[in-house]
Structures are given as structure tokens and as C-alpha cells.
Amino acid sequence: QVPLVESGGGLVQAGGSLRLSCEASRTIFNIKAMGWFRQAPGKQREQVAEITTDGRTDYADSVKGRFTISRDNALGTITLQMFSLKPEDTGVYFCATNPFGLGYGAPGSSWGQGTQVTVSS
């Protein structure tokens, strides 16, 4: 496991942008995949985006074309650039690791504490 710290959340108007960062305490070359999740009030946590160690990305349909995930293995960071934000993007955003490809939440995986994103209409 590796400690993760998210930052960059805040309050933004609809149509605005935010950039979230997730910092690990070490390099992340050997972490197979890392992802961003969000949880809105009263809803289940959902995966928003994922990036593998070789740079392959995947996005939830609801954010395709608006969000971009990136990764710096040497610095141990992943970011989520969010454009054209909508009120339904509101929630607590978490980063997580899937170090062995066994799934987020599997033994050895890590989660951050989350950062709040609020999009006003």
C-alpha cells in the first residue's frame, strides 16, 4: 500500500474547470493502474477515470471528452483535469491504486481521503 493525498477540489460554477492532483509518497512505476472515483451524496461511489502504468486511459461515459487523466510515474502523481463541469459532477473525488490488476479495494490497494468538488448551477 502507498499513502495517497488528493488536492485541488473546490467550488466552481457550471462550465468551469478544476484540476485535481493525487500524490503518492513514492514513485508509481510498479502500480499497474490508478484511478479517480467520485461519490455524490446518497449515491454509490463510481469510477470516473483510470490510467495504467503504460499510459492507457479509460473514462466513464458521463465524463468522456470533458475529463483528462494523466500520470507521472517518477513524481508519483496522477491528475484529473476537468472541463465543462456540470452540477452532476459534484461529489467527493478519491484517487486509488490497483497495483496488481486485481481491482480497486483488493489486497494491496490504497485509497486517498478524498477532495470535495462542488459545481453550482
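Above: the structure in question.
Counting restarts for each chain, with residues numbered from 1 along the sequence as it is written. Side-chain atom pairs in this predicted model are given and counted only at pLDDT of 80 or more, local residue features only at pLDDT of at least 70, and totals for whole chains, interfaces and linings cover all residues. Neither water nor hydrogens contribute to the side-chain values; these are computed over all heavy atoms in the structure.

Draft legend 1. Spotlight on the overall build of the chain. The number of helices and strands found in the chain is zero helices and ten strands. Under the scheme used here, helices are H or I runs from DSSP no shorter than 4 residues and strands are E runs no shorter than 2 residues, and both carry numbers assigned from the N terminus. Along the chain, helices and strands appear, N-terminal first, in the series β-β-β-β-β-β-β-β-β-β. Here the C-alpha atoms of the chain give a radius of gyration of 13 Å, agreeing with the 14 Å that 2.2 N^0.38 yields for 121 residues. If one aligns the C-alpha atoms of the chain with their principal axes, the spans along those axes are about 40 × 25 × 25 Å. Throughout this description, buried means an accessible area under 20% of the type-specific maximum (1.4 Å probe, protein chains only), exposed means over 50%, and partly exposed covers the range between. Out of the 121 residues in the chain, the part that is buried amounts to 48%. Whether two residues are in contact is decided by their heavy atoms, any of which lying within 4.5 Å being enough. For the chain, long-range pairs separated by at least 24 residues make up 58% of all intrachain contacts whose partners lie at least 6 apart in sequence. Under the convention used here, a 1.4 Å probe and the Shrake-Rupley method define accessible areas, while residue burial counts only the protein chains that appear. Counting every atom, the chain has about 6,100 Å² of accessible surface; 51% of that belongs to carbon and sulfur. Between the averaged position of the 11 positive side-chain charges in the chain and that of its 10 negative side-chain charges there is a distance of 2 Å. Restricting the calculation to C-alpha atoms gives the radius of gyration, and the globule rule supplies 2.2 Å times the number of residues raised to the power 0.38. By the counting rule applied here, Lys and Arg register as positive and Asp and Glu as negative, while His and the ends of each chain are not counted. Charge coordinates come from a single atom per side chain, which is NZ of Lys, CZ of Arg, CG of Asp or CD of Glu.

Draft legend 2. Structural context of the packing of aromatic side chains. Each pair of aromatic rings taken from Phe, Tyr and Trp, with Trp reduced to its six-membered ring, is defined by centres within 6.5 Å and is described as stacked if the planes are under 30 degrees apart, edge-to-face if over 60, and tilted in the remaining cases. On inspection of all chains with the given rule, the structure shows three aromatic pairs. The interplanar angle of 75 degrees and the centroid separation of 4.9 Å between the aromatic rings of Phe37 and Tyr104 together place this pair among those described as edge-to-face. A residue pair is termed long-range when its members are at least 10 positions apart, and Phe37 in strand 4 (residues 33-39) and Tyr104 in the loop between strand 9 (91-98) and strand 10 (115-120) qualify at 67 residues. With a centroid separation of 6.5 Å and 75 degrees between ring planes, the pair formed by Phe94 and Trp111 is classed as edge-to-face. Placement of Phe94 in strand 9 and of Trp111 in the loop between strand 9 and strand 10 is noted, with a sequence separation of 17 residues between them. These aromatic residues form a ring-pair network of at least three members: Phe37, Phe94, Tyr104 and Trp111.

Draft legend 3. Highlighting the sheet that holds strand 3 (residues 18-24). Strand pairing is defined by DSSP finding a minimum of two bridges between the two strands. Reading across the sheet, the four strands line up as 1-3-8-7 and stay open at both edges, with antiparallel pairing between neighbours. What marks the edges here is a single partner per strand, and that holds for strand 1 (4-7) and strand 7 (67-72). Each neighbouring strand pair of the sheet contributes to a mean axis angle of 15 degrees, computed without reference to strand direction. Between N-to-C directions, angles cover 0 to 180 degrees, with each direction set by a line fitted to C-alpha atoms, over the stretch in contact for helices.

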